[in-house]
Amino acid sequence: MSAILVLAEHLKGEVSEISFEMLGAARKLGDELKTPVLAVALGRDASAVAAKLGAADSVLVVEDAALEVPTVEVTGPVIQQLMEQKQAAIVLIPGTNLAWGLGAKLAALTKLPYVNFCHGLKVDNGAVMVTSQLYGGKIMADVPLAGNRGILCVLPGSFPPDAGKSDKAATIEKPAVNVPAPKVVFKKYIEPAGGDVDITKQDVLVSVGRGIQTQDNIALAEELAGVLGGAVSGSRPVIDQGWLPLTRQVGKSGMTVKPKLYLALGISGAPEHQEGMRGASLIVAVNTDPKAPIFDIAHFGTTTDLFELVPALKEAIEKRKQGA
Amino acid sequence: MNYFVLLKMVPDTVEELEVSADNKSLNSEFLRFKLNDPDEHALEQALLLKEKFGGTVTAVAFEAPEVDEVLFTAVAKGADKAVKLAGDFSNVRGPACAQIVASYLKPLPADAVILVQCQAIDDLEGEIGVYLADMLQLPYVGLVAGVAIEAGGLTVTKEFAGGMRGEFSVGLPAVLGIQAAEKPPRYVPVAKVRAVMKTAKIETVDVTPPETPGVLAVEKMYKPEVAGRAEMIEGSPEEVAGKIVAILAERGLV
Ligand SMILES: Cc1cc2nc3c(=O)[nH]c(=O)nc-3n(C[C@H](O)[C@H](O)[C@H](O)COP(=O)(O)OP(=O)(O)OC[C@H]3O[C@@H](n4cnc5c(N)ncnc54)[C@H](O)[C@@H]3O)c2cc1C
Ligand SMILES: Nc1ncnc2c1ncn2[C@@H]1O[C@H](COP(=O)(O)O)[C@@H](O)[C@H]1O
């Protein structure tokens, strides 16, 4: 008998949505392949995490301080041992910052195929087919998993999380494993710097991407945010350039925001950016490229040049306010 | 310290990507290649480390269109050495790439820091940094956003989520997947690159790709079905602005 293993992700006691997404997807796969689904919870407080993973047939818990934050060197061999004990053929790893590199490490350790950017999974005549999202979401590739064996790194936002949530009490197992001594040692968390605007609490975000071109142009967005009563956030390149502080970054490595209005200016809408903003109530995208992926998730869009639109928009809002 | 930076050429996604007739690969006829954007951060981080702690920076790339210019640019920015690994890489992905780089790097200096970017957009298997570290039996940390040399090892900052980061200590030699350099990548004028092209040399090393290429085979490649949810607003900037304001007003947002 083989099994599907799902590595649950948690940060500071909180189970991430991706864990439920993967559990839901694994559940479906497991039912079709008639294979049990085993969740894996690792870390100092893994039992508390495990309690929330009732959608799995059972949860493998390893409580060890060295596993609090996943590292390739320590977590990799631990999962490998669990795979061997349970004869796991398919392993789902979260495609998140925290679990970064684990999929490739497991592939290197087990010599199983590794598929990155997994965005879809289906079973066709008993054979597992993985859909991988490449080139920042511009190209999809269907890849068969030979012998239904492989390590999959799952992109957040690919599967519905509700399918992986269950009130059922989880069955807990505590297998014995060797936790190797690491050459990479976790020292401490570094909390995001306080003092700046908290973009997760704003109703209105004017968000700028590489299309804003220069640091000086940020002022345009600031003015617009001013009349809208909101704040300015940005995509990764804008923050990497130092044009906005780290606290303003939206996306995978940055903040997850759910404002009433997300106005995206010159943002292409890469999957890593979408991860942080797809929950906004209203998304309006301004991008000169009609094919930009941001339009796939925006409610309204325009291909007007942002440098022409922003002043016009500011004026129109001011006019309306004066009229009101 | 010996810093090795791996630079990868990837298709420029600003251009329209087309799938070729076999439905299994990209149509290379229309592809323009450029340096994997974030690799600039790996190079920048190496240059910053060199400036702060001393050492030499070697930029390493596989033979590919336009790669010479990328390597000369690295030298113009401050790299001490540029190396081009030459061979037939048509079927080489993740693990095989790592094997080639590993054999080039051996014997590895005890104070080597190998800087790669975390991930390229074009690789199904990806993350050669991880494979490389595994082959060379070195520690690996990815998504690195800060590096310092301390007490004979490295102190690195890794990005988690929500702006949270973690600090790790790492023994040497090591492989780092750089996500963001501590400073934005430096700019170098084209004139300087041209000047470097006249004086600097790229060292070409012939390598033989391993027999066993990737185990994965793409069955079908295609463009995603666009959900196309956005309702597009047309007109002059003023008209578009007016329509957006109306939409916002309807929702009580202005
Ligand atoms: C592990 C990892 C984590 C990441 N984390 C994040 C993250 O947290 N947040 C994040 O944002 N990214 C993140 N990224 C990066 C992400 O993949 C993209 O590279 C990034 O989101 C692109 O930013 P952008 O849209 O601003 O730039 P680009 O993709 O360069 O897009 C710029 C857009 O501006 C448009 N434009 C240009 N000029 C104009 C104009 N005058 N008017 C209107 N439109 C114009 C262009 O058409 C283009 O679509 C991460 C990547 C990785 C690998
Ligand atoms: N063929 C290659 N030549 C040089 N560097 C590479 C190559 N493949 C990967 N890299 C490095 O590894 C990073 C991640 O790429 P990948 O492993 O393909 O996801 C790249 O950004 C480069 O820094």
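Residues numbered from 1 in each chain as written. Chains lettered and ligands numbered in written order. Predicted model: local features only at pLDDT ≥ 70, side-chain atom pairs only at ≥ 80, totals over all residues. Heavy atoms only, no water.

**Re the overall build of chain A**
The number of helices and strands found in chain A is nine helices and 17 strands. Relative to the globule expectation of 20 Å for 324 residues, the C-alpha radius of gyration of chain A, 22 Å, shows essentially globular dimensions. Taking all 324 residues of chain A together, 60% fall into the buried category. The contacts in chain A between residues at least 6 apart in sequence include a share of 62% that link residues at least 24 apart. Separation of charge centres in chain A, based on 31 positive and 34 negative side chains, amounts to 3 Å. (Helix = DSSP H or I, 4+ residues; strand = E, 2+ residues; numbered from the N terminus. Rg over C-alpha atoms; globule rule 2.2 N^0.38 Å. Buried < 20%, exposed > 50% of the residue type's maximum accessible area, 1.4 Å probe, protein only. Contact = heavy atoms within 4.5 Å. Lys, Arg positive; Asp, Glu negative; His and termini not counted. Charge placed at Lys NZ, Arg CZ, Asp CG, Glu CD.)

**Examining the layout of surface pockets**
Residues and elements named next belong to chain B. The computed volume of the second largest pocket comes to approximately 1,300 Å³. Taken together, 49 residues line the second largest pocket, and the ones lying closest to its centre are Lys8, Phe89, Val92, Arg93 and Asp122. Elements with a minimum of two residues in the lining of the second largest pocket: β1 (2-7), β2 (9-11), β4 (56-62), α3 (94-105), β6 (112-117) and α4 (128-136). Across the lining of the second largest pocket, the residue classes tally to 28 nonpolar, twelve polar and nine charged. (1 Å grid on protein atoms, 1.4 Å probe; cavity = no way out; pocket = protein on both sides within 12 Å on 5 of 7 lines; lining within 4 Å. Points joined across faces, edges and corners; volume = space filled by probe spheres on them. Nonpolar A, V, L, I, M, F, W, Y, C, P; charged D, E, K, R; others polar.)

**Observations concerning the nonpolar core**
Leu5(A), Ile79(A) and Leu85(B) are the most contacted members of the largest nonpolar core, which totals 62 residues. For Ile79(A), the residues in contact, after removing those within four places along its chain, are Leu5(A), Leu7(A), Leu42(A), Val91(A), Ile93(A), Leu102(A) and Leu106(A). Core analysis: the second largest hydrophobic core is formed by 51 residues, Ile4(A), Ala89(A), Val154(A) and Leu216(B) among them. (Core = buried A, V, L, I, M, F, W, Y, C linked by side-chain atoms within 4.5 Å.)

**So, the domain arrangement of chain A**
When the parts of a complex come together, some accessible area is lost, and that lost area is often used as the size of the interface. All names here are of chain A. For chain A, the domain assignment lists domain 1 (3-173) and domain 2 (199-323). The distance between the C-alpha centroids of domain 1 and domain 2 comes to 33 Å. Every contact between the two is made by nine residues of domain 1 and, on the other side, six residues of domain 2. Interface area, domain 1 with domain 2, both sides summed: about 600 Å², of which 53% is carbon and sulfur. (Domains from an automatic or database assignment. Buried area = accessible area lost by both parts, 1.4 Å probe.)

**Topic: the site of ligand 1**
Residues and elements named next belong to chain A. Residues in contact with ligand 1 amount to 29 residues; listed here are only the nearest, Ser235, Val250, Ser268, Glu272 and Asn287. Here an oxygen atom of ligand 1 and a backbone polar atom of Lys252 are 3.0 Å apart. Separating an oxygen atom of ligand 1 from a backbone N or O atom of Gly254 is a distance of 3.3 Å. Contact with the protein chains hides 82% of the accessible area of ligand 1, taken as 980 Å² for the molecule alone. Of all elements in the fold, only α6 (236-240), α7 (271-277) and α9 (306-323) reach the threshold of two or more residues within the shell around ligand 1. Split by residue class, the shell around ligand 1 holds nine nonpolar, 14 polar and six charged. (Near = heavy atom within 4 Å. Polar contact = N/O pair within 3.5 Å; in protein donor to acceptor, adjacent residues only side chain to side chain. Areas by Shrake-Rupley, 256 points an atom, 1.4 Å probe, with all protein chains shown as cover.)

**Thoughts on the site of ligand 2**
Residues and elements named next belong to chain B. Neighbouring ligand 2 are 15 residues, the closest being Leu6, Lys8, Asp39, Ala120 and Ile128. With respect to ligand 2, the side chain of Asn36 contributes an N or O atom lying 2.9 Å from an oxygen atom. Here an oxygen atom of ligand 2 sits 2.5 Å away from a polar atom, N or O, in the side chain of Asp39. In the complex, 97% of the free accessible area of ligand 2, which totals 460 Å², lies under the protein chains. When each cavity is represented as a set of grid points, ligand 2 is found to reside in the second largest pocket. Breaking the shell around ligand 2 down by element, the ones donating at least two residues are β1 and β6. Here the residues of the shell around ligand 2 sort into seven nonpolar, four polar and four charged. (Sits in = over half its atoms within 2 Å of the grid points.)

**Examining helix α6 (residues 237-250) of chain B**
All names here are of chain B. Given a rise of 1.5 Å per residue, 14 residues ought to cover 20 Å, and the 20 Å separating the end C-alpha atoms of α6 matches this to within 8%. All of the buried residues along α6 are Pro237, Val240, Ala241, Ile244, Val245, Ile247 and Leu248. Along α6, the residues classed as buried sweep out an arc of 160° about the axis, all on the same side. Of the exposed residues in α6, those oriented more than 90 degrees away from the buried face are Glu238 and Glu250. (Expected span 1.5 Å × (residues − 1). Arc of directions from axis to C-beta.)

**Side note on the confidence of the model for chain B**
Overall, the predicted model of chain B reaches an average pLDDT of 91, with 97% of residues at or above 70. Taken together, the chains of this predicted complex give a pTM of 0.90 and an interface ipTM of 0.88. (pLDDT = per-residue confidence, 0-100.)

**Brief notes about the side chain of His41(B)**
Its place among the elements puts His41(B) in helix α1 (residues 39-53). For His41(B), a relative accessible area of 8% gives the class buried.

**So, unusual backbone geometry**
Residues Lys106(B) and Pro107(B) are joined by a peptide bond in cis, for which omega reads -5°. Geometrically, the link from Leu172(B) to Pro173(B) is a cis peptide bond, its omega value of -15° lying close to zero. With respect to the secondary-structure elements, Pro173(B) resides in the loop between β9 (165-170) and β10 (174-178). A positive phi is found at Lys12(A), a non-glycine position, where the angle reads about 55°. Overall, the relative accessible area of 46% leaves Lys12(A) in the partly exposed class. Even without a glycine there, the phi angle at Phe117(A) is positive, about 55°. Considering the arrangement of structural elements, one finds Phe117(A) in strand β7 (residues 114-124).

**A closer look at the packing of α9(A) against α6(B)**
Contact geometry for α9(A) and α6(B): axes closest at 8 Å, N-to-C directions at 50°. It follows from the interaxial angle that α9(A) and α6(B) lie oblique. Here the hand of the crossing between α9(A) and α6(B) comes out right-handed. Of the residues in α6(B), those in contact with Glu308(A), Leu309(A), Ala312(A), Leu313(A), Ala316(A), Ile317(A) and Arg320(A) of α9(A) are Pro237(B), Glu238(B), Val240(B), Ala241(B), Ile244(B), Val245(B) and Ala249(B). Residues of the contact of α9(A) with α6(B), tallied by class, amount to eleven nonpolar, no polar and three charged. (Axes fitted to C-alpha atoms, helices over the stretch in contact; angles between N-to-C directions. Parallel < 35°, antiparallel > 145°, perpendicular 65-115°, else oblique. Left-handed = near helix turned anticlockwise from the far one by under 90°.)

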